[in-house]
Amino acid sequence: MAYTQINNNQKIGVSIVGLGFGESVHLPAIKANPKFELISLWHPNSDKLKETTDKHSLNYTKDWESLLNDSNVKGIILATPPEPRYNLACDALKAGKHLLLEKPVAINATQVADLQRLSLKYRLSVAIDFEYRAVPLFMQAKRLITKGLIGQPWLVKFDWLMSSRANHNRPWNWYSESNKGGGVLGALGTHAFDMIHWLFGPIEEISALSSTSIKERIDLNSGQNRNVTSEDIALAHIKIKGENNNLNIPAQITLSAVARQGRGCWIEFYGSKGTLILGSDNQKDYVHGFSLWYTKAGDSPKCIQPDKDLMFNKTWSDGRVAPVSRIHDWWAESIKDGSPMIPGLAEGFASQKVCDAFKESASSKESLII
């Protein structure tokens, strides 16, 4: 089924699949967006689905095939765990549905490439929820780097130290399995590699190290401990091609989901003309709380505010909703005018390719050219 034109005055009917991030973030963003009409929710657990739709006074679709056959649903937001996402996305594209995919997009880059081919074949827009591209201060940093404020980039240092998995009593689930897309690499690394690519350019070489600090977790279904195969710490030394592929910018990335009292997310950009530091120590809301400082050679640090055109028109108490809502806006524009979606599958493929290379490098203990 091929792409169907949607005029500018017509609302885009969407369904949300997945009731974790889908319910807490995508749902309020879609409900507040006049460009969309929320048709239904879907989840394979019918009891959980009914409980959620009753709570929000929403409709639900009983089974996946019915959702694919619903002509009112033009787009589907897939906010499932990573493992089933590829097959669901293939089904949806073949049914003519535009997609917004959470990350990691799939289990490996080969699957992402398959989705690229299907989206092109059926002329469908596929967005990837790399929401940091939509956060005002991140957009401001991108603008300043592009304008040459730091000069020639010399070094990037990226620390993302969180504590969400530091509790030994947190139960075993899909996040604990590497082959299901779990681990800090999928949760944070996909974002980190995308941000590096967006801000400076593609990553061309990586040397990686990973470890699992908490090696067993309790499986609530069996009451027994199960092995954790996914990493909760990931370290990478990378080389960035840079603008016009004529620079080799070294970068260091440190990711952790078990850093008790971790300092949060901090990105430092050092260049020939100055330094930019973007960061937040807010562990509970990974969007709210960021600040941006610029230091010119010989001067004191200066706090930078985002330009007015980058500010959100509306915010929520949960800081994640506003940037996701902006991603929704970009997706709606792509659906209606047929323009390329950015961030889309090209960006998802680039990030996943680095994730795949990270795993290979960590396993082989060798540096890899990407």
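Quick summary incoming for the structure in this document. (Residues numbered from 1 in each chain as written. Predicted model: local features only at pLDDT ≥ 70, side-chain atom pairs only at ≥ 80, totals over all residues. Heavy atoms only, no water.)

## Examining the overall build of the protein chain
Secondary structure summary: the protein chain contains nine helices and 16 strands in total. Since a compact globule built from 370 residues should have a radius of gyration of about 21 Å, the 21 Å found for the protein chain is in line with a globular shape. Overall size of the protein chain, expressed as C-alpha extent along the three principal axes, is 60 × 55 × 40 Å. The buried share of the protein chain, reckoned over its 370 residues, is 55%. Partitioning the intrachain contacts of the protein chain with sequence separation of at least 6 by distance along the chain shows that 70% fall at a separation of at least 24. For the protein chain, the computed accessible surface area is about 17,000 Å², with 48% contributed by carbon and sulfur atoms. (Helix = DSSP H or I, 4+ residues; strand = E, 2+ residues; numbered from the N terminus. Rg over C-alpha atoms; globule rule 2.2 N^0.38 Å. Buried < 20%, exposed > 50% of the residue type's maximum accessible area, 1.4 Å probe, protein only. Contact = heavy atoms within 4.5 Å. Areas by Shrake-Rupley, 256 points an atom, 1.4 Å probe, with all protein chains shown as cover.)

## Regarding the pairing of strand β11 (residues 249-256)
When you tally the buried positions in β11, you get six out of eight residues, the bulk of the element. Judged from the six bridges that link them, strand β6 (residues 153-161) and β11 form a sheet pairing that is parallel. Across the sheet, residue Val156 finds its bridge partner in β11, namely Ala251. Taken together, the eight bridges between strand β10 (residues 233-240) and β11 define a ladder with antiparallel strand orientation. Bridge pairing in β11 places Lys239 opposite Pro250. (Pairing = 2+ DSSP bridges.)

## A word on the packing of aromatic side chains
Overall, the coordinates contain nine aromatic pairs when judged by the stated rule. Measuring from ring centre to ring centre gives 5.4 Å for Trp42 and Trp64, while their planes differ by 40°; the resulting arrangement is tilted. Here Trp64 lies in helix α3 (residues 64-68) and Trp42 lies in strand β2 (residues 36-42), a separation of 22 residues in the sequence. Note on Trp42: relative accessible area 10%, which makes it buried. Lying over the aromatic face of Trp172, Arg226 brings its terminal NZ or CZ to 3.6 Å of the ring centre. Against the face of Trp316 rests Lys314, its NZ or CZ located 4.8 Å from the ring centre. (Phe/Tyr/Trp six-rings, centres within 6.5 Å; stacked < 30°, edge-to-face > 60°. Lys NZ or Arg CZ within 6 Å of the ring centre and 35° of its normal.)

## What about the sheet that holds β2?
Strand order in the open sheet made by the five strands is β2-β1-β3-β4-β5, with parallel pairing throughout. Single-partner strands in this sheet number two, and they are β2 and β5 (126-128). Recorded for the sheet is a direction-independent mean angle of 20° between the axes of neighbouring strands. As paired strands, strand β1 (residues 12-17) and strand β3 (residues 75-78) are joined by four bridges and run parallel to one another. Across the sheet, the residue bridging to Val14 is Gly75, located in β3. Sheet contacts for helix α4 (residues 82-94): β3, β4 (98-101) and β5; angle to β4, the most-contacted strand, approximately 160°. Helix-sheet contacts for helix α8 (residues 321-337) involve β1, β2, β3, β4 and β5, and the interaxial angle to β4 is about 160°. (Axes fitted to C-alpha atoms, helices over the stretch in contact; angles between N-to-C directions.)

## Quick notes on the pattern of salt bridges
Here the structure, examined in full by the defined rule, presents 13 salt bridges. For Asp114, the salt bridge is made with Arg117, and the minimal N-O distance between the two is 2.4 Å. Residue Asp114 and its partner Arg117 are located together in helix α5 (residues 109-121), separated by three residues, close to a single helical turn. By relative accessible area, Asp114 is classed as partly exposed at 22%. The partner of Arg226 in a salt bridge is Asp219, with the nearest N and O atoms 3.1 Å apart. Salt bridges sharing partners connect three or more residues here, namely Arg143, Asp307 and Asp309. (Salt bridge = Lys/Arg side-chain N within 4 Å of Asp/Glu carboxyl O.)

## Considering the nonpolar core
The biggest cluster of nonpolar side chains holds 54 residues, and the ones touching the most others in it are Trp160, Ile206 and Phe269. If one sorts the elements of this core by residue count, helix α7 (residues 184-199) sits on top with nine residues. Once residues within four sequence positions are removed from consideration, Phe269 is found in contact with Ile145, Ile150, Leu155, Val156, Leu199, Phe200, Gly274, Thr275, Leu276 and Leu278. Core analysis: the next-biggest nonpolar cluster, separate from the first, contains 50 residues, Ile6, Leu67, Tyr86 and Leu88 among them. (Core = buried A, V, L, I, M, F, W, Y, C linked by side-chain atoms within 4.5 Å.)

## Some details on the packing of helix α1 (residues 21-31) against helix α2 (residues 46-56)
Closest axis-to-axis distance for the α1/α2 pair is 13 Å, and the angle between their directions is 40°. Classified by the interaxial angle, the pair formed by α1 and α2 is oblique. Where α1 crosses over α2, the two elements pack in a sense that is right-handed. Side by side, α1 and α2 meet where Glu23, Leu27 and Lys31 of the first sit next to Thr52, Lys55 and His56 of the second. Residues of the contact of α1 with α2, tallied by class, amount to one nonpolar, two polar and three charged. (Parallel < 35°, antiparallel > 145°, perpendicular 65-115°, else oblique. Left-handed = near helix turned anticlockwise from the far one by under 90°. Nonpolar A, V, L, I, M, F, W, Y, C, P; charged D, E, K, R; others polar.)

## Regarding the sheet that holds strand β16 (residues 368-369)
Pairing in this open sheet of nine strands is mixed, and the strands run β15-β14-β13-β12-β6-β11-β10-β7-β16 from one edge to the other. Strands at the two margins of the open sheet, each flanked by one partner only, are β15 (302-304) and β16. Pairing analysis gives eight bridges linking strand β7 (residues 203-211) to β10, with the strands arranged antiparallel. Following the sheet pairing, Ala208 is matched in β10 by Ala236. The strands that helix α6 (residues 136-146) touches are β12 (264-271), β13 (274-280), β14 (291-296) and β15; relative to β13, the one it contacts most, it runs at about 170°. Each of β7, β10 and β16 is contacted by helix α9 (residues 345-364), which is oriented at about 55° to β7, the strand it contacts most.

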